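# Tertiary structure, described
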Amino acid sequence: MKNKKRRGFQLSEKQLGYAMVIPSLVLVIVVVLWPVAQSFYNSLFDYRLNDPSRSQLMLSATIDLERYVDNHFYIGGQLDSLLESAENEGEAEAVKEIQQDIENYHSELISDEEIREKVEEIDDLLASFTPVRDSDLKYSKVDNAFAEEYQNVLESHAAALAEIAASSNDDPSGQQFQQSSDLLASTASNILNSNFIGLDNYGKYMKDQRMWKAMGNTVFFTVISVAFELALGLAIALLINRAFKGRGIIRASVLIPWAIPTAVAAMMWGFLYDGQSGIIAHYLETLNLIPGSSWLLTTSNGGMFSIILADVWKTTPYMALLLLAGLQTIPQSLYEASSVDGANKFQQFWSITLPLLKSSVLVALLFRTLDAFRVFDLIYVLTGGGPANATESISVYAYKTLFAQQNFGEGSVLSVIVFISVAIISLIYVKLIGSDLFDGRTK
Amino acid sequence: MNKRGGIGFYLFLIIFVFLVMFPFIWVFLTSIKPPREIFSSFSWFTSNPSLDSYEAALTNRPLVRYMINSFAVSALTTILSLVFASFTAYAVTRLPIKGKGLILGLVLAASMFPQIAIISPMFNLVTDLGLRNSYMGLVIPYITISLPLAIWILATFFKKIPYELEESAKLDGASPFQTFRKIILPLAAPGIFTTGILVFIAAWNEYLFALTINSDDAWRTVPVGISMYQSQYSIPWGDISAATVIVTIPIVILVLFFQKRIVSGLTSGSVKE
């Protein structure tokens, strides 16, 4: 009896385990893995939110049915009235030919069952002045060759009508021809060519000066600030790794810079660095450490210095805390034993502290390097990437391309570059740290 | 190294604390100066302190609204991620399932993903769901940051709970879920609380998603709202200092109350015990 119960228990323990893991896994896939994959995919397109002909991802030619149906509705009426006002046989012939062509292509387009249904549905919506919100209804895939042909025909007819309009002496009828020409041209622009461009965006950025500059800035910022943070953090950790009164005050004052939002810290430092009323700019100038009080935020070197100083201020405490925790796990007996053997403080540091601290240092470095490489808020708020892009990090450049230029194709390339760099950095560190990272978590 | 500090040591500590706290001290001193004085002198103390800057900071921009927004978004994010993360961390550390290393590896990898690589599809998703300028519109992307963080920290806390208690619960006939709810959760409560603080701070400080997704002033969070105080033409340093002081006070209180927990949470993920 007891045995049976136990076995049933084991099985459901396993089931419970999977049931408890699945929600988080689904969430991680939906909010982390899928968006990154989507960014990769977006980067293969000439995809711009602010350009109606490229605001969709189109693997094949696509037709904007909403605007096409609307335009097509007017084409019939306009061409009929052109026929009436045609001044000679030649003009009338030309208009008739256009009518025939458009009729042919249009019926070929709606010979597709699905497209015909969509056209009818959109017709009803347009008749009641309802905008088409469903993008599945609004856009329809069409055959690449057909799309190109139809587009060419519409464009050449538009050109022909424009020519007649230009040569026409009679103003009102000339205007009429010009209007129809514009209508045909705009209809042609409703047929959208595929904006899949493969790796072209990547090719562009490999040759882009600004990308390499931003990458250089990011690497420089990461290496210098993390190096300073490690050196200062280790020094502070070694100094305060002892029993003393007032540990609480030290801990709190160390945690506050870490805990405040980076954007708030950036605003504070922006004030301290300000060329007119910034106290740090003022003191550094008085001490002749910088050429002028405006040096900090208006020159390339000053901008980079300012950002690194602010970052070191904000994150060194965090580094010191992680290292201090590592120091406290080193058994005191090791130091006592080596003292007995006659080792001095320096030898102890090299042969005991550093080797035993190695994994703490590497883990702290891993997190700090990744954070520094992704730097966005500090630079965006403090300098905006300026002056003249001198402090622009790759994330800031990506953000500007994505949201200021609304260019999701090219911006995604930059995001993917950040992603790949971060992946490489992590792989190197994980290799160095080895399996220690998972110790103490799985059985 | 159980040596005690001498006078030199305490002098060093005082200088260290002063340097770390200097920006806050200066910003606080600026915030109580009359606005005219900020631009005209570098003296530390003002002879006639005033609260004008505070009044301006609260009236020129909806600072209180920013704080309510930040609080709502961070609290929702924290609760949601704690629920999912405590399940997952429990299963990964204590239940006999396969692929634990893989799951934790995935979680760790997810926490290293740069937000900039996620932002544009996330922006499209939130826009399509009609959630721009809403709390949920930020909570969904914040899961990308908070869930891996919470799972990672909670896993260390769960790991520390002795197995004997669980074994005896099993012998007494408790179902696995009962064991989790009645035995593990109460024991892990301090760890869950600590994780909650860290997740809350991470969500409170997030900038990139908040900047792009909630662009309407009434839905901005504190970090974005503060960075919008500067206008194209003038920088109202008085307002900014006062606003900074106001939004920093809750964090200072949080840190003062929970500093030990925060440190234990921060270091739990990085130190072998």
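Given the structure is predicted, the values throughout are model-derived calculations rather than measurements. (Residues numbered from 1 in each chain as written. Chains lettered and ligands numbered in written order. Predicted model: local features only at pLDDT ≥ 70, side-chain atom pairs only at ≥ 80, totals over all residues. Heavy atoms only, no water.)

## As for the overall build of chain B
Helix and strand counts for chain B stand at twelve helices and zero strands. Sequence-ordered secondary structure for chain B, helices as α and strands as β, is α-α-α-α-α-α-α-α-α-α-α-α. In terms of overall dimensions, chain B has a C-alpha envelope of 75 × 60 × 30 Å along the principal axes. Taken across its 273 residues, chain B has 56% of its residues classed as buried. Between the mean site of the 19 positive side-chain charges and the mean site of the 13 negative ones, chain B shows a separation of 10 Å. (Helix = DSSP H or I, 4+ residues; strand = E, 2+ residues; numbered from the N terminus. Buried < 20%, exposed > 50% of the residue type's maximum accessible area, 1.4 Å probe, protein only. Lys, Arg positive; Asp, Glu negative; His and termini not counted. Charge placed at Lys NZ, Arg CZ, Asp CG, Glu CD.)

## With respect to the UniProt feature "transmembrane region" (unreviewed entry) in chain B
The UniProt entry lists residues 7-29, 66-90, 102-123, 135-158, 183-204 and 240-258 of chain B under the feature "transmembrane region" (unreviewed entry), expressed in the numbering used here. Measuring from the first to the last C-alpha atom of residues 7-29 of chain B gives 29 Å, for a span that is 100% helix and 0% strand. (UniProt positions renumbered as here; feature names shortened; annotations may be inferred.)

## Quick look at the domain arrangement of chain B
Residues and elements named next belong to chain B. Under the domain assignment used here, chain B contains domain 1 (1-61 + 229-249) and domain 2 (63-224). For domain 1 and domain 2, the distance between their C-alpha centroids amounts to 34 Å. Carbon and sulfur atoms make up 69% of the surface buried where domain 1 meets domain 2, a total of about 560 Å² over both sides. Broken down residue by residue, the surface that domain 1 buries against domain 2 is led by Leu58, Arg61 and Val247, which jointly contribute 73%. Here domain 1 is connected to domain 2 by one salt bridge. Residue Asp217 pairs with Arg61 through a salt bridge whose shortest N-O separation is 3.5 Å. Taken together, the links from domain 1 to domain 2 amount to three residue pairs in polar contact (both at pLDDT 80 or more). (Domains from an automatic or database assignment. Buried area = accessible area lost by both parts, 1.4 Å probe. Salt bridge = Lys/Arg side-chain N within 4 Å of Asp/Glu carboxyl O. Polar contact = N/O pair within 3.5 Å; in protein donor to acceptor, adjacent residues only side chain to side chain.)

## Section: helix 6 (residues 116-128) of chain B
Along an α-helix, a turn takes 3.6 residues, which lines up residues three or four apart on a common side. Residues and elements named next belong to chain B. When the terminal C-alpha atoms of helix 6 are compared, their 19 Å separation across 13 residues agrees well with the 18 Å that a helix rising 1.5 Å per residue should span. Considering bend angle alone, the principal kink of helix 6 is centred on Met122 and spans about 25°. Burial of helix 6 is extensive: ten of the 13 residues sit out of reach of the surface. Considered for burial, the residues of helix 6 that qualify are Ile116, Ala117, Ile118, Ile119, Ser120, Pro121, Met122, Phe123, Asn124 and Val126. Gly130 lies just past helix 6 and shows a positive phi near 70°. (Expected span 1.5 Å × (residues − 1). Bend = angle between axes of the 7 residues up to and from the residue.)

## Let's talk about the domain arrangement of chain A
Residue and element names in this part refer to chain A. We note that the domain assignment places domain 1 (2-42), domain 2 (58-192) and domain 3 (203-438) within chain A. For domain 1 versus domain 3, the distance between C-alpha centres works out to 35 Å. When the two sides are added together, the surface that domain 1 and domain 3 hide from each other amounts to roughly 400 Å², 76% of it contributed by carbon and sulfur. If you sort the residues of domain 1 by the area they bury against domain 3, Ser39, Phe40 and Asn42 come out on top, with a joint share of 84%. Viewed at the interface, domain 3 and domain 1 are joined by zero salt bridges. Across the side of domain 1 that touches domain 3, the residue classes break down as two nonpolar, two polar and no charged. (Nonpolar A, V, L, I, M, F, W, Y, C, P; charged D, E, K, R; others polar.)

## Digging into the UniProt feature "transmembrane region" (unreviewed entry) in chain A
As recorded in UniProt, the sites labelled "transmembrane region" (unreviewed entry) are residues 16-37, 219-240, 252-272, 292-310 and 411-433 of chain A. When the span residues 292-310 of chain A is considered, its composition is 79% helix and 0% strand, and the gap between its end C-alpha atoms is 19 Å.

## With respect to the packing of aromatic side chains
Two measures describe an aromatic ring pair: the distance that separates the ring centres and the angle between the ring planes. Within this structure, the stated rule accounts for 44 aromatic pairs over all chains. An angle of 75° between the planes, with centres 5.2 Å apart, marks the rings of Tyr380 of chain A and Tyr399 of chain A as edge-to-face. Here the residue Tyr380 of chain A occupies a position in helix 17 (residues 377-382), and Tyr399 of chain A occupies one in helix 18 (residues 394-404), the gap between them amounting to 19 residues. Its relative accessible area of 25% is what places Tyr380 of chain A among the partly exposed residues. Between Phe12 of chain B and Phe16 of chain B the ring centres are 6.1 Å apart and the planes differ by 20°, which places this aromatic pair in the stacked class. Here the residue Phe12 of chain B and the residue Phe16 of chain B both occupy positions in helix 1 (residues 7-31), the gap between them amounting to four residues, near one helical turn. Classification of Phe12 of chain B by relative accessible area gives partly exposed; the value is 27%. Among the aromatic residues, those joined into a cluster by ring pairs are Tyr47, Phe376, Tyr380, Tyr399, Phe403 and Phe408 of chain A together with Phe123 and Tyr207 of chain B. In this arrangement the basic side chain of Arg94 of chain B is found over the ring face of Tyr163 of chain B, its NZ or CZ atom lying 4.2 Å from the centre. (Phe/Tyr/Trp six-rings, centres within 6.5 Å; stacked < 30°, edge-to-face > 60°. Lys NZ or Arg CZ within 6 Å of the ring centre and 35° of its normal.)

## Examining the environment of Leu57 of chain A
All names here are of chain A. By secondary structure assignment, the location of Leu57 is in the loop between helix 1 (2-42) and strand 1 (62-64). In this structure Leu57 comes out as partly exposed when scored by relative accessible area, which is 28%. Separated by 138 residues in sequence, Leu57 and Asn195 have C-alpha atoms that sit 6.8 Å apart.

## What about the packing of helix 11 (residues 262-273) of chain A against helix 14 (residues 300-328) of chain A?
Residue and element names in this part refer to chain A. At their nearest, the axes of helix 11 and helix 14 sit 10 Å apart, and the two run at 130° to each other. As summarised for this structure, helix 11 and helix 14 are arranged oblique, according to the angle between their axes. Between helix 11 and helix 14 lies a crossing whose hand is right-handed. Mapping the contact onto sequence places Thr262, Ala265, Met268, Trp269 and Tyr273 in helix 11 and Ser306, Leu309, Ala310, Trp313 and Lys314 in helix 14. (Axes fitted to C-alpha atoms, helices over the stretch in contact; angles between N-to-C directions. Parallel < 35°, antiparallel > 145°, perpendicular 65-115°, else oblique. Left-handed = near helix turned anticlockwise from the far one by under 90°. Contact = heavy atoms within 4.5 Å.)

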